[in-house]
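Chain by chain, the residues:
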Amino acid sequence: MANSPSAKKRAKQAEKRRSHNASLRSMVRTYIKNVVKAIDAKDLDKARVAYTAAVPVIDRMADKGIIHKNKAARHKSRLNAHIKALGEAAAA
């Protein structure tokens, strides 16, 4: 347990930052989940709209360090690949 005033303040700041970061991480997961749900429902238009909304959020969280840049790129790449496959399946 923190004893000095500065250690108490740092503990309070760390907890505040942790809860804020958790909220932002949850938001990213929700946006990703919306895209995945649209893909699973085979709804191409809704998937594209959800993906368009998710990309800036994913990039912003990567810039802030909430998620790693490679993880952000991986999510975007995989989601986009699924949407393209869905579009090709619909066209065929």
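Below is a short write-up of the structure. Please read all numbers here as calculations on a predicted model, not as lab measurements.

1. Points about helix 2 (residues 44-64)
Every α-helical turn comprises 3.6 residues, leaving residues that sit three or four positions apart pointing alike.
Next, step 1: The end-to-end C-alpha separation of helix 2 is 30 Å, in line with the 30 Å expected for 21 residues at 1.5 Å each.
Next, step 2: By the largest-angle criterion, Ala54 marks the main kink of helix 2, which is about 25°, and a proline, Pro56, follows within four residues.
Next, step 3: For helix 2, the complete set of buried residues consists of Leu44, Ala47, Ala50, Tyr51, Ala54, Val57, Ile58, Met61 and Ala62.
Next, step 4: Next to the buried residues of helix 2 lie helix 1 (5-40) and helix 3 (69-91).
Next, step 5: After helix 2 finishes, the residue Gly65 shows a positive phi value of roughly 85°.

2. Digging into the pattern of salt bridges
Next, step 1: The final tally for this structure, using the stated rule, is 3 salt bridges.
Next, step 2: Between Glu15 and Arg18 there is a salt bridge, with its nearest N and O atoms 2.8 Å apart. Remark: Arg18 and Glu15 occur in helix 1; sequence separation between them is 3 residues, near one turn of the helix.

3. Things to note about the packing of helix 1 against helix 2
Next, step 1: At a closest axis distance of 9 Å, the pairing of helix 1 and helix 2 adopts a crossing angle of 155°. Taken together, the axes of helix 1 and helix 2 are roughly antiparallel relative to one another. Both helix 1 and helix 2 take part in a crossing whose hand is left-handed. Touching Leu24, Met27, Val28, Tyr31, Ile32, Asn34, Val35, Ala38 and Ile39 of helix 1 are Lys46, Ala47, Ala50, Tyr51, Ala53, Ala54, Val57, Ile58, Met61 and Lys64, all from helix 2.
Next, step 2: Grouping the amino acids of the contact of helix 1 with helix 2 by side-chain chemistry returns 16 nonpolar, 1 polar and 2 charged.

4. A closer look at unusual backbone geometry
Next, step 1: Here Lys42, not a glycine, exhibits a phi torsion of approximately 60°, which is positive.
Next, step 2: Position of Lys42 relative to the elements: it lies in the loop between helix 1 and helix 2.
Next, step 3: Judged by relative accessible area, Lys42 falls into the exposed class, the value being 64%.

5. Focus: the environment of Met27
Next, step 1: Within the secondary structure, Met27 is located in helix 1.
Next, step 2: Overall, Met27 belongs to the partly exposed group, its relative accessible area being 28%.
Next, step 3: Sequence separation between Met27 and Ala54 is 27 residues, and the spatial gap between their C-alpha atoms is 9.8 Å.
Next, step 4: Excluding residues within four positions of it along the chain, Met27 makes contact with Val57 and Met61.

The rules behind the values
Residues numbered from 1 in each chain as written. Predicted model: local features only at pLDDT ≥ 70, side-chain atom pairs only at ≥ 80, totals over all residues. Heavy atoms only, no water. Helix = DSSP H or I, 4+ residues; strand = E, 2+ residues; numbered from the N terminus. Expected span 1.5 Å × (residues − 1). Bend = angle between axes of the 7 residues up to and from the residue. Buried < 20%, exposed > 50% of the residue type's maximum accessible area, 1.4 Å probe, protein only. Contact = heavy atoms within 4.5 Å. Salt bridge = Lys/Arg side-chain N within 4 Å of Asp/Glu carboxyl O. Axes fitted to C-alpha atoms, helices over the stretch in contact; angles between N-to-C directions. Parallel < 35°, antiparallel > 145°, perpendicular 65-115°, else oblique. Left-handed = near helix turned anticlockwise from the far one by under 90°. Nonpolar A, V, L, I, M, F, W, Y, C, P; charged D, E, K, R; others polar.

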